[in-house]
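Spelled out from the first residue to the last, the chains are:
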Amino acid sequence: MSGTSSPEAVKKLLENTQGDLRGLSLECRKKFPPVKEAAESGIIKVKTIAARNTDILAALKENSSEVVQPFLMGCGTKEPKITQLCLAAIQRLMSHEVVSEAAAGNIINMLWQLMENSLEELKLLQTVLVLLTTNTVVHDEALSKAIVLCFRLHFTKDNITNNTAAATVRQVVTVVFERVVFEDERYKDVIEQPVPVPGNSNRRSVSTLKPCAKDAYMLFQDLCQLVNADAPYWLVGMTEMTRTFGLELLESVLNDFPQVFLQHQEFSFLLKERVCPLVIKLFSPNIKFRQGSSTSSSPAPVEKPYFPICMRLLRVVSVLIKQFYSLLVTECEIFLSLLVKFLDADKPQWLRAVAVESIHRLCVQPQLLRSFCQSYDMKQHSTKVFRDIVNALGSFIQSLFLVPSTGNTSTTVNQTGSNTSGGTASLQTNPGMLGMGGGVTVLPAFEYRGTWIPILTVTIQGSAKATYLEMLDKVEPPTIPEGYAMSVAFHCLLDLVRGITTMIEGELGQAETDNQTMTEATSSPTQPSEQQDLQSVSDQTDKELVNRAVWEEMVNACWCGLLAALSLLLDASTDEAATENILKAELTMAALCGKLGLVTSRDAFITAICKAYSIQGQNVQMISPSSESHQQVVAVGQPLALQPQGTVMLTSKNIQCMRTLLNLAHCHGAVLGTSWQLVLATLQHLVWILGLKPGVGGALKPGRAVEGPSTVLTTAVMTDLPVISNILSRLFESSQYLDDVSLHHLINALCSLSLEAMEMAYGNNKEPSLFAVAKLLETGLVNMHRIEILWRPLTGHLLEVCQHPNSRMREWGAEALTSLIKAGLTFNHDPPLSQNQRLQLLLLNPLKELSNIIHPDIRLKQLECVLQILQSQGDSLGPGWPLVLGVMGAIRSDQGESLIRTAFQCLQLVVTDFLPTMPCTCLQIVVEVAGSFGLHNQELNISLTSIGLLWNISDYFFQRGETIEKELNKEEAVLQKQAEEKGVLLNRPFHPAPPFDCLWLCLYAKLGELCVDPRPAVRKSAGQTLFSTIGAHGTLLQHSTWHTVIWKVLFHLLDRVRESSTTADKEKIESGGGNILIHHSRDTAEKQWAETWVLTLAGVARIFNTRRYLLQPLGDFSKAWDVLLDHIQSAALSKNNEVSLAALKSFQEILQIVSPVRDSEKPDTPPAINVPALLGAMTATGLGRSFMRTDSIGERIGRYNESEPPIITDEIEDLNLWWAAWNTWYRIGSESTKPPITCEKLTFIPSQPFLTALIQIFPALYQHIKTGFSMDDLQKLGVILHGAVSVPISSDASPFILPSYTEAVLTSLQEAVLTALDVLQKAICVGSENMQIMYPAIFDQLLAFVEFSCKPPQYGQLEMKHIANAKYNQAEWVALNYVPFAERSLEVVVDLYQKTACHKAVVNEKVLQNIIKTQRIPLSLKYACPSESTWKLAVSSLLKVLSIGLPVARQHASSGKFDSMWPELASTFEDFLFTKSIPPDNLSIQEFQRNESIDVEVVQLISTEILPYANFIPKEFVGQIMAMLNKGSIHSQSSSFTEAEIDIRMREEFSKMCFETLLQFSFSNKVTTPQEGYISRMALSVLLKRSQDVLRRYIEDERLSGKCPLPRQQVTEIIFVLKAVSTLIDSLKKTQPENVDANTWAQVIALYPTLVECITCSSSEVCSALKEALVPFKDFMHPPAPKVQNGES
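About the thresholds
Residues numbered from 1 in each chain as written. Predicted model: local features only at pLDDT ≥ 70, side-chain atom pairs only at ≥ 80, totals over all residues. Heavy atoms only, no water. Helix = DSSP H or I, 4+ residues; strand = E, 2+ residues; numbered from the N terminus. Buried < 20%, exposed > 50% of the residue type's maximum accessible area, 1.4 Å probe, protein only. Contact = heavy atoms within 4.5 Å. Areas by Shrake-Rupley, 256 points an atom, 1.4 Å probe, with all protein chains shown as cover. Pairing = 2+ DSSP bridges. Salt bridge = Lys/Arg side-chain N within 4 Å of Asp/Glu carboxyl O. Phe/Tyr/Trp six-rings, centres within 6.5 Å; stacked < 30°, edge-to-face > 60°. Lys NZ or Arg CZ within 6 Å of the ring centre and 35° of its normal. Expected span 1.5 Å × (residues − 1). Axes fitted to C-alpha atoms, helices over the stretch in contact; angles between N-to-C directions. Parallel < 35°, antiparallel > 145°, perpendicular 65-115°, else oblique. Left-handed = near helix turned anticlockwise from the far one by under 90°. pLDDT = per-residue confidence, 0-100. Lys, Arg positive; Asp, Glu negative; His and termini not counted.

## What to know about the overall build of the chain
So, step 1. The number of helices and strands found in the chain is 68 helices and ten strands.
So, step 2. Across the 1689 residues that make up the chain, the buried fraction comes to 53%.
So, step 3. Long-range pairs, those at least 24 residues apart, make up 76% of the contacts in the chain with a sequence separation of at least 6.
So, step 4. Accessible surface computed for the chain: about 74100 Å², of which carbon and sulfur atoms make up 54%.

Encoded structure:
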C-alpha cells in the first residue's frame, strides 16, 4: 500500500476527492440541489479532516460514510453523467482503502439499486470488484449482496455485460477464498481447540469458522445448491443461474484453493456431502446413454448427454481427484470408474474425447497414480482402479482401430481437420496413394488392418493440455478430428509410463542411497546391484518394504494393459517419432520391471520389442507394395532359420526397434537377467540380415553380403552399419560394469543362443550365425579383470562350438577361445599370473581341452595360439608348461602335415629358447613330446629334425646337469613326502633311479622307440643319436643306473630290432616316395631293417667295449654278456649278409680284437638312401655336434681310470666270459656252415667275407681259452673250418672274390682257415705234453683240405657249377678253385710233419700212413688231376715226407705201428708210376721228359730209401716193389702215340732206371734168402720170355704182310722189346757175375737166333733198334771153353 499511503498519494487523493465533490456540485447545481449541498458540505468535511489529523487516511476511513454520502446521492439521481462521476470517485476512495464497513454497505445497496435499474452495468461491476478486492471490509450479508449483484448482471440481455459479469463473479469468488487464505496465514500460530462438528444435523453449522472462512463456506455451499438447481441459503436475491457457470466456478475454487478445503473440516465436509453427490448425479445421463439405442427399457426417455455440462463435470472431477484424492478416496473410486466407462465405444465421440483428456490429466501425475494403486489396487475388496484405467486406455485404442460398420475402410482427415463426428468419409484419396505421388509428404499416422488414423500433435510431452475440456464456450458437442482421441490416448500411455518409471526409479535410487549410507555406516561392503538388494530386503526398513510392494503392484497392475496397447500402436505406427516414443516406453518399462525383479513383465516388454523387430520384418513381405508407402524397406535378407522361407525385409521401423534393444541392453543390462536371451536372439537376427561378420576381438564389421543374391541393403543402412556395429560392440563392452550375477545371465544367454545357432548349422555347410560366439569373445575380453567367474561357462561352451561339424562355426569357436586365452595371459591381472598359478592353469586348461577335438582346422588354431603364447609369454609360463607341451604332444600322425608342422614349430621354439625357463620337472615332457614327433610318419624331415632336437636336449641336460639335478632332487623330495603322507608309493618311470638319471633314461627310451620306427632314415638317425648320446653323456649317470640303461634301454632295443628285422617284408620297394631312387642294397624292408640292426648292434657292442670298466662291476655283467652274445649270434645267423657280417664285427669289437671304429669314420658300404638335403644338413650338424664332446669325455674316462683303477674281476669270471664267447662262436660257426638240407634255388648261403671274419675271430678268441681248449673243442673247430671252406659262392659275387682260375691264389677265407690252424699248431708246439695229442687231429684236418685238390668238397645237396662254366649273371653257386688251398695245406702238412714226425702221438696215430693215403689220390689221378701242379706237388711232398718218415717207420718196425702203412705206400707207388690216366695230347716233349724225370726220382727213392733196408721192411712190400720195378723195366707201349713220338714216349729213362734198380737189387746184393733170389730170377725169366714171344710174332707178321707195312703199334712194340733186350744185356754185364743165374744167361743167348731172323724186316726203325740189340751179343762170342767135368775147368 505504500503506493497509496505516501504523502504525495494522500495529497493527490484529497485534491481529487475535493475536485470530484466540486464537479458533483457543479453537475447537480441545477437539477439536484440536495446533492449539490451535500457535495459542498463534503468538501468542507474533507478539508477539516485534512487539517485536523496527521493520519489523514484513517480519519477519512472513520468518516467515510459522510464522505461517500454525496456520491451515493449522486448515483441516486440516475443521471448517467453524474452516476459515472460518482462511481469513479467512489472507486478512487475504495482504492485508497478509506471506506468503512458501513460505508461499504451503503455503497453496495446503492449499486444494487443501480443494477435493478439496469444503469451503468459495467461501471457497477467495476466498482464491486474494486470494493471487494482492495479490502476486506465487506462481509456476510453485504458480501452476499455484492456477489448476487454480479450474478444478476451476468444474466442480462447484453453480451458484453454478461461476459464482464461472469469474469467479475469469477474474480469475486476468488477474492472470497483468497481472504480465507490470508486469514489462515494470520492466525496460523494460534492453536485453537477444534469444536467437534456435529454430524449432518445442521448444514449451516459454521459457527466455528472465522469471518472470511464463513463467507467462503456460505458462498461455496450456495454454489453447490445452485448447480443442483436448489435455492441458495446465503446468496439471497438470485433470480437465475446456469449449471455450466456454476460448475466452472466450483472447479476454479477447488482448483485454486485446495488448501482451504483440506485445512478446514467444514469445507471438507462440504466436498464430501455436497460436491461429490452432485457430480455423480449430474453424470447420470452420460452413464445411461448408449449411442445408437433409440428405445430404452425405462418408460422415461433417456436424457441425452449434454456436452458443456459433461465437459465441465469432467473438469471438476479432474480437480477433485487431483487435489482432494486423500479426502475422497471412495468418491474418487466412483469417479474413476465413471471415467473408464466413458471411454466405451458406445459413448459419443466427443464424450470419449473429453474422457481421454481427463484421463490424460491423471496420467501426468504419477504420485496420484501411485495413490490410486495403494488405495484401490492393493486393497483386497476394492476395484482395481489403476489397472482398469490402463486397460481401458488399451481397449479404447483398440476400439479406434475397429472399422465403423458403415463399411468405408478408412476415414481420412483433410488438412483443416473438419470431419463429421458420425464418421462419414469425406471424399479423399486413400492414404496409400499419398506415398505414391512423389512430392506428397506422408502424414504421421497409425495404420492397422486398413484403418488409417493420423497422429495429431495434441500436447507437449508431460503436460496434459486438453483441447475439448477447454471448450467452455461451446454448447454443441464439437467435431472431433479423426485421430484426435487416438493421439491423446497415445500420449496418455506415454506419460503414464514416463511418470511411473521416473517416480519409481527416483524412489528406488533414493532408497539405494539411503541403504548405502546405512550400510556404509555399519561398514559392511556396499551392495553392487538391485538384484542383491532384492535378496537383502530383510535387513531394510519397513518403509522400503512398503514402498517396494507399492511399486511392484503398480507395475503388475499396468503392465499387461500397457503392453497390449503399446504393442498394437507399435505395430500400427508409421511415424518414426511415434515409433521411437512407443519403443522408448516399452524400454523404460522393461528396465523398470527388471530393476524391481519382476521377471515376467520384464520379459514380456522385451519380447514385445523383439517381436516388433522380427515379426514386423516377417510381415512386411505380406503387404502389397501399394499399401506399403509408410514403411521404407531398408534391407532384405534371408531369415536366420533352419529352412529359410522367402526373404525378410527390414524396414526402418525394424531398425528403430533394434536401436531400442541395443539401448536397453546397453543401459539396463544389469536388470535383464534371463531376458538377455531374447534380446540377443533378436540382435543376432539383425546382424544376420545386415550381414555383419565378426572381426578381430569379436566386433562385428560389415562383411560381404550373406549367402546369395537375396541380401539387399540400401545406402541408408549401409551408412548406418558401422554405427550399429559400434553400438553392438559398446553394448558388450559395457558388460564390464554389470555385476557378477547379471554377467552370468548374459553369458548364459549367449551360450544358449550359440547352442541354437549350432543346432541350425548341423548337417549343412551353410554360413552359420556367429553372433553369439563373437559376442562371447567380446564379453570375455572386456571382463578380463574378473575372468575367473565366467571362464568355465565361457570356455566350456566355446569348446563345444569347436567340435561343431560346420567348419566356419568351429573356426570361430576356436578363434574366440584362443583369443581369450591369449588375452587372458597377456592381461595385467591383480595379483599377476606369476603369483596366481591357479588362474594361469585355469586360463590354459581350455587350450589343452582342444586337443580332444579331431578337426584339424581347430587343432591348427590351437597350435597357432600356442605358438603365439610361446612368442609372447614363453618366459612366464611356469606351471603352465605341462599343459602347453601336452598340446604339442597331443598331435597324432593322422592329423595332417600342416598340423604336425605347426606343432613342431612350437616344439622347436621351446627347445631352442625356453628350456632354461621351464621348471625342470617339465623337461621329461619335452623329451616325450620331441620323441612323439619323431614317431610321426607324415613328414620325414620333421621326424629327423625332432631327433636332432633330442640331441640338443641331451646337450642341454649335459650343460646344465648340476642345476637340473638339484632342482629335480628338491622336487623329488617334496613328492616323496606327499606320497608318504598319502601312504602310497611314488610312481614314476624308472623309479628307483635318481630323478636326473630318470630324465636321461626317458631320453634314451624315446630314442630307443625311434630306433624301431618304420622309416629307415629315422631309425638310422635315432640310432646314431642314441649311441652318440650314451657315448658322450653317459658318464653323468649314476653307476647303478647303467644297469637300467643296459637292460631296459639297450637290450630292449636290440630285442625289438631283432624281432622287426626277422619279420620284415621281403617285397621289393619300387621307390622311396617322391623321386628318391633306392639303391638295390636297400630295396626291401628287410634290407632296410638290416641296416638298423647293424647300427644298433654295433652301437651296443661299442658301449660294452668302451664302458666295460663301468659295466663289469655291475652284478650281472656276465648275464648281460650272455644276452649280448645271444644277440650277436642271432644277427650273425640272420639270413642277411650285411647283418651277419656286422654282427661278427661287433663280436670282434667286444672281444677287443679290433679297436672300435667310430661311425663317422666307417666307410658306408651300401650307399645310403638319398634323403633330401635338409635331412643331410641336419644329421650332419647333429652328429657333428655329438663328437665335439667326445674328447672331453675321453679325458674324463682317463681321469676316472687314474683316480680309481677299475676293479678287475677274478680270472675265473673272466674265463667264463671267454668261454661264453667261444660257445657263441661255435654256434654261429656250426649253424652258418651247416649245408642246407634241401637245395632250393633261394637257399641262403653265407658270404665269403662273413666266413672270413668268423674264422678270423678264432685266433684272438683262442688266446683267451687255450688253457682249457680240449680235443673236443678241436673237433668242433675242425667241423667249422671244414664247413666254412666248403661253402660255395654265388656266381654274381664270384668275380669279386675269385682269382682268375689260372692264378694259384688263396681266398682270404682259406688264408684265415690256415692261419687258425697255424695258431693252434704253434700253441701246441709250446704247450704242455697233453696238448701234443692234438697233432694228429690237426694233420687230419689239413689232409682233409689236401683232398680238396682232387675232390672239391660237396656243400649239402647243392648243385655247383665249375667256375669255368659259370655264367656270372645267373644265380648259380660256384665252387671255388680249391687247388691252391689244398696245395698250401699240403705244404703245411709237410712242414708240420718235418717238425713232428717223431712225436709219440704222430707215430701212434699213423699220421704218416694218412699222409700217404691222402697223397695216393692225386698221385693215382696224375694227369686226371684238376691241376697239373697238384700231383707234382704231391710227389715232391711225398718224397720229402718219406725221407723223414721212413727212418722213423724202420725205427718202430718192431712195434707194428707202421704195419699198415707199407701196403698203402706200395699201392701209392703203383698207382703213380703206372697211372691209368693218359697224358694230355698237347703235352710237349720237354714236359714229358720232365714228368719222366719225376718218375725216375721216385724209383731213385725206392732204390735209396727202401730196398737197401729190405730186412726192416715187410717181405710182401718188397715183393710188390720188385714186381713194380719189373713192370717198369719193360717198355709198355701206349697205342695212342704217333710214329714220330714213339721213341720219346716210351719212358726209356724210366724203364732203364727200373731195370737197373731191378737188376741192381736182383744181382748185386747178396741174396740173403732164397726167396729174394727167386723173385729176381723169376722177374728176369718173365721178361726174357716176353721178349722172345714178341719177336717171334713180329717175324711171323712181317713175313705174311709182304710189301704192306705192319701196324704202328706192332712196330712200336718190337722196337721197345729190342731196346729192352739191349738194356737187359747192359744191365747183366754191369751186375756181379755171381749174382746172375746161369739159367738167365741161357735165356738171353737163346734170343739171338730170333733176333737174327728179324733182319729181313723192312722198317728202318726196327732195323736200327735191332742193330743196337745185336751189338752187345759180341760179348758172348768167345771161343768155347774146354768142357770141365767133375768140377775141373
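## So, the pairing of strand E2 (residues 451-454)
So, step 1. Alternating residues of E2 divide into Thr451 and Ile453 and Trp452 and Pro454, and every residue in both groups is buried.
So, step 2. Direction of pairing for strand E1 (residues 445-448) relative to E2: antiparallel, over a ladder of four bridges. By the bridge assignment, Tyr448 is partnered in E2 with Thr451.
So, step 3. Counted between consecutive antiparallel strands, the loop separating E1 from E2 contains two residues, among which Arg449 sits at a positive phi close to 50°.

## As for the pattern of salt bridges
So, step 1. Scanning the model with the defined rule gives 41 salt bridges in all.
So, step 2. Notably, a salt bridge pairs Glu79 with Lys31, separated by 3.6 Å at the nearest N-O pair. Highlighted residues: Glu79 in the loop between helix H5 (64-76) and helix H6 (80-95) and Lys31 in helix H2 (residues 7-31), separated in sequence by 48 residues.
So, step 3. Residue classification places Lys31 among the exposed residues on the basis of a relative accessible area of 57%.
So, step 4. A salt bridge links Asp857 to Arg810, with the nearest nitrogen and oxygen atoms 2.8 Å apart. Of this pair, Asp857 sits in helix H34 (residues 856-873) while Arg810 sits in helix H32 (residues 807-826), and the two are 47 residues apart along the sequence.
So, step 5. By relative accessible area, Asp857 is classed as partly exposed at 27%.
So, step 6. For Arg810, a relative accessible area of 9% gives the class buried.
So, step 7. Connected through salt bridges with shared partners, the residues Glu251, Arg315, Arg361 and Glu470 form a single ionic network.

## So, the packing of aromatic side chains
So, step 1. All told, the structure shown has 45 aromatic pairs when counted by the stated rule.
So, step 2. Between Phe446 and Phe490, the aromatic rings sit 5.3 Å apart at their centres with planes inclined by 90°, giving edge-to-face as the arrangement. Within this pair, whereas Phe446 is found in strand E1, its partner Phe490 is found in helix H21 (residues 484-521), the two being separated by 44 residues in sequence.
So, step 3. The class for Phe490 is buried, based on a relative accessible area of 2%.
So, step 4. A network of ring pairs unites the aromatic residues Phe177, Tyr217, Phe220, Phe257, Phe261, Phe267 and Phe324 as a single cluster.
So, step 5. Over the face of the ring belonging to Trp112 we find Lys145, whose NZ or CZ atom lies 5.4 Å from the ring centre.

## Looking at H2
So, step 1. With 25 residues, H2 extends 37 Å between its outermost C-alpha atoms, agreeing within 8% with the 36 Å of an ideal straight helix rising 1.5 Å per residue.
So, step 2. Among all positions of H2, only Ala9, Val10, Leu13, Leu14, Thr17, Gln18, Asp20, Leu21, Gly23, Leu24, Ser25 and Cys28 are buried.

## Here we look at unusual backbone geometry
So, step 1. Going from Asp830 to Pro831, the amide bond is cis rather than trans, its omega being -5°.
So, step 2. Inspection of the secondary structure assignment puts Pro831 in the loop between H32 and helix H33 (837-849).
So, step 3. Of note, Ala229 is a non-glycine position whose phi angle comes to about 65°, a positive value.
So, step 4. One can find Ala229 in the loop between helix H11 (211-227) and helix H12 (243-256).
So, step 5. One non-glycine residue, Lys1422, lies in the positive phi region at around 45°.
So, step 6. Turning to its location among the elements, Lys1422 is positioned in the loop between helix H58 (1407-1421) and helix H59 (1428-1451).

## What to know about the packing of helix H40 (residues 995-1010) against helix H41 (residues 1016-1033)
So, step 1. Packing of H40 against H41 brings their axes to within 8 Å, and their N-to-C directions diverge by 155°. In terms of orientation, H40 lies roughly antiparallel with respect to H41. The hand of the H40/H41 crossing is left-handed. Between H40 and H41, the residues in contact are Trp1000, Leu1003, Tyr1004, Leu1007, Gly1008 and Leu1010 and Val1018, Arg1019, Ala1022, Thr1025, Leu1026, Thr1029, Ile1030 and His1033, respectively.

## Re the confidence of the model for the chain
So, step 1. Per-chain confidence: the chain averages 78 in pLDDT, with 82% of residues scoring 70 or above.
So, step 2. pLDDT under 50 marks residues 1532-1544. Its contacts with residues more than four places away, or in other chains, come to 21 contacts.

## Quick word on H34
So, step 1. Here H34 spans 25 Å end to end across 18 residues, near enough to the 26 Å set by a 1.5 Å rise per residue.
So, step 2. Within the span of H34, buried status applies to Ile858, Arg859, Lys861, Gln862, Leu863, Cys865, Val866, Leu867, Ile869, Leu870 and Gln873.
So, step 3. Against the buried residues of H34 lie helix H31 (787-802), H32, H33, helix H35 (881-889) and helix H36 (897-914).

## A short note on the environment of Thr77
So, step 1. On the secondary structure map, Thr77 appears in the loop between H5 and H6.
So, step 2. Judged by its relative accessible area of 14%, Thr77 is buried.
So, step 3. Residues Thr77 and Val35, 42 residues apart in the sequence, show an inter-C-alpha distance of 8.7 Å.

## Observations concerning the side chain of Asp184
So, step 1. Take Asp184: it is sitting in helix H10 (residues 159-187).
So, step 2. Of the side chains bearing the opposite charge, Lys210 lies closest to the buried Asp184, which forms no salt bridge; the N-O distance is 5.2 Å.
So, step 3. With residues near it in sequence (within four places) discarded, Asp184 still touches Gln263 and His264.

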